[in-house]
Amino acid sequence: MIVYENLPIGGTHLPTSNDMLKILDIQDGNIEFKDHCVYHDEYKGEKSKFIEAKLTYTPMACVKCQAPNENYSLYRNGTQLSRITLPMAGIYPTYLLLKKQRFMCKSCKATFTAKTPVVKDHCFIANTVKGLILLKTTDAQSIKNIARDSSVSAPTVQRVINQEARKFQSYDRTLPANLSFDEFKYAKGQLAFEYIDAKAGEILDVLPSRDGRTVKSHFISHYSLRDRENVQTINRVGGK
Ligand SMILES: [Zn+2]
C-alpha cells in the first residue's frame, strides 16, 4: 500500500484555509475556506469544480463618506454571492463561489461590498485568468485554444484582450501606493507573475515568469525610482 504524505486519510486531515489559498494561487488572506468547501457539479454542460469561500474583513473607513470605522459604525449587512472563474485546478473548469461581505455605514447609510485583488469589482473572471489569457495571446495561440485552456468563452477571451492589452502598450503610467503580487501556473512547471492595483483590482501588467530577476528588471526598466518609491505596500499573502 502506498501512503502519500499530505493526502487526506480517513477524512481526518482536511486542508486548512491557508492550504486552499495556496492550492488555488489566491493571494488574499481575507478569503476564508471552510471544511468540505469543494464539490463537483455540472455547469454549462461540463463537469466542473466549485469551491465555496467567504471574503470578509474589518474595513478601516467607509468607502463612500470616508468616516472612520469606530464603535461599530460600519456594520456587516449580509453578503453578495459571486461566481468567479479561476484557472483550472486539475482537469475541471474551476469556479470560486465567493460570498462577499456587505457593509453598511451608520453615518451616510451607504452600503458597499468587500473588495479583493483576486477579482475586479463587478467582474467574474479572476485576474489570474485574465493574466493567463494575455500571456497566451503573446504566444500567438488561437482564441479557441485560449478559451478552452482558461475555461471562458471565445467572445470573453476577445473582450479581455481588447480591454486589457491596450493598457500595456504604453508605460506612461505610475505605480499605485498599494500593489498586489500574484502568481499563477502558466506553462508546464512555469509560474507567471502579474501585479495588480490592490485598491482598484486592476491588472497593471503580466510577465511570463515570476523569477526574481525578471520581476526586478521589469520594474527598474519600466518605472522611475520616484514611481517605485511611491509604493507603500505590496500584498502577497499566501505566496510561496
Ligand atoms: Zn459612510
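So, a few notes on the structure that sits alongside this text.

Pairing is mixed across the open sheet formed by four strands, whose spatial order is S9-S8-S7-S10. Every interior strand has two partners, whereas the edge strands, strand S9 (202-207) and strand S10 (233-235), have only one. Averaged over all pairs of adjacent strands, the angle between their axes in this sheet comes to 25°, without regard to strand direction. As paired strands, strand S8 (residues 191-197) and S9 are joined by five bridges and run antiparallel to one another. Residue pairing across strands places Tyr-195 opposite Asp-205, the latter belonging to S9.

Scanning the model with the defined rule gives six salt bridges in all. A salt bridge links Lys-120 to Glu-202, with the shortest nitrogen-to-oxygen separation between them at 3.4 Å. Of this pair, Lys-120 sits in the loop between strand S6 (111-113) and helix H2 (127-138) while Glu-202 sits in strand S9, placing them 82 residues apart in sequence. By relative accessible area, which is 25% here, Glu-202 ends up partly exposed. Sharing partners across several salt bridges, the network here consists of Lys-136, Arg-148 and Asp-149.

Within this structure, the stated rule accounts for 12 aromatic pairs. Ring centres of Tyr-57 and Phe-103 lie 5.9 Å apart, and the angle between their planes is 45°; on these two criteria the pair is classed as tilted. Placement of the pair is Tyr-57 in the loop between strand S3 (46-55) and strand S4 (74-89) and Phe-103 in strand S5 (residues 92-105), with a sequence separation of 46 residues. Residue classification places Phe-103 among the buried positions, given a relative accessible area of 1%. Here the aromatic cluster, defined as three or more aromatic residues joined through ring pairs, consists of Phe-181, Phe-193, Tyr-195, Phe-219 and Tyr-223.

What follows concerns H2. Between its first and last C-alpha atoms H2 spans 17 Å; for 12 residues at 1.5 Å apiece the expected length is 16 Å, and the two agree. By the criterion of burial, H2 is predominantly enclosed, with 10 of the 12 residues buried. Within H2, burial applies to Asn-127, Thr-128, Val-129, Lys-130, Gly-131, Leu-132, Ile-133, Leu-134, Leu-135 and Lys-136.

A few words on the coordination of the zinc ion. The protein atoms that coordinate the zinc ion are Cys-62 (SG), Cys-65 (SG), Cys-105 (SG) and Cys-108 (SG), at distances of 2.3 to 2.4 Å. One can describe the donor arrangement at the zinc ion as tetrahedral, given that its four donor atoms subtend angles of 106 to 112° at the metal. Within one chain, the residues donating to the zinc ion are spaced in sequence as C-x2-C-x39-C-x2-C. Linking Cys-65 in the loop between S3 and S4 with Cys-105 in strand S5, this pair joins segments that are 40 residues apart in sequence. Accessibility expressed as a relative area gives 32% for Cys-65, which makes it partly exposed.

With respect to the secondary-structure elements, Glu-42 resides in strand S2 (residues 38-43). Sequence separation between Glu-42 and Arg-159 is 117 residues, and the spatial gap between their C-alpha atoms is 25 Å.

Looking now at the nonpolar core. Taken as a class, soluble globular proteins show a tendency for nonpolar side chains to be buried jointly. Counting residues in hydrophobic clusters, the biggest one holds 34 residues, and the most contacted among them are Leu-24, Ile-26, Ile-31, Phe-33, Leu-96 and Ile-133. For this core, the secondary structure elements donating two or more residues are helix H1 (17-23), S3, S4, S5, H2, helix H3 (143-150) and helix H4 (154-168). Residues from two domains meet in this core; each of domain 1 (17-113) and domain 2 (127-235) gives at least three. Aside from chain neighbours lying at most four places away, what touches Ile-31 is Ser-17, Leu-21, Ile-26, Ala-53, Lys-54, Leu-55, Leu-98, Thr-116 and Val-118.

So, how was this worked out
- Residues numbered from 1 in each chain as written.
- Predicted model: local features only at pLDDT ≥ 70, side-chain atom pairs only at ≥ 80, totals over all residues.
- Heavy atoms only, no water.
- Pairing = 2+ DSSP bridges.
- Helix = DSSP H or I, 4+ residues; strand = E, 2+ residues; numbered from the N terminus.
- Axes fitted to C-alpha atoms, helices over the stretch in contact; angles between N-to-C directions.
- Salt bridge = Lys/Arg side-chain N within 4 Å of Asp/Glu carboxyl O.
- Buried < 20%, exposed > 50% of the residue type's maximum accessible area, 1.4 Å probe, protein only.
- Phe/Tyr/Trp six-rings, centres within 6.5 Å; stacked < 30°, edge-to-face > 60°.
- Expected span 1.5 Å × (residues − 1).
- Donors = N, O, S within 2.8 Å, 3.2 Å for Na, K, Ca; no water.
- Tetrahedral: all angles 85-135°; square planar, octahedral: opposite > 155°, others 65-115°.
- Core = buried A, V, L, I, M, F, W, Y, C linked by side-chain atoms within 4.5 Å.
- Domains from an automatic or database assignment.
- Contact = heavy atoms within 4.5 Å.

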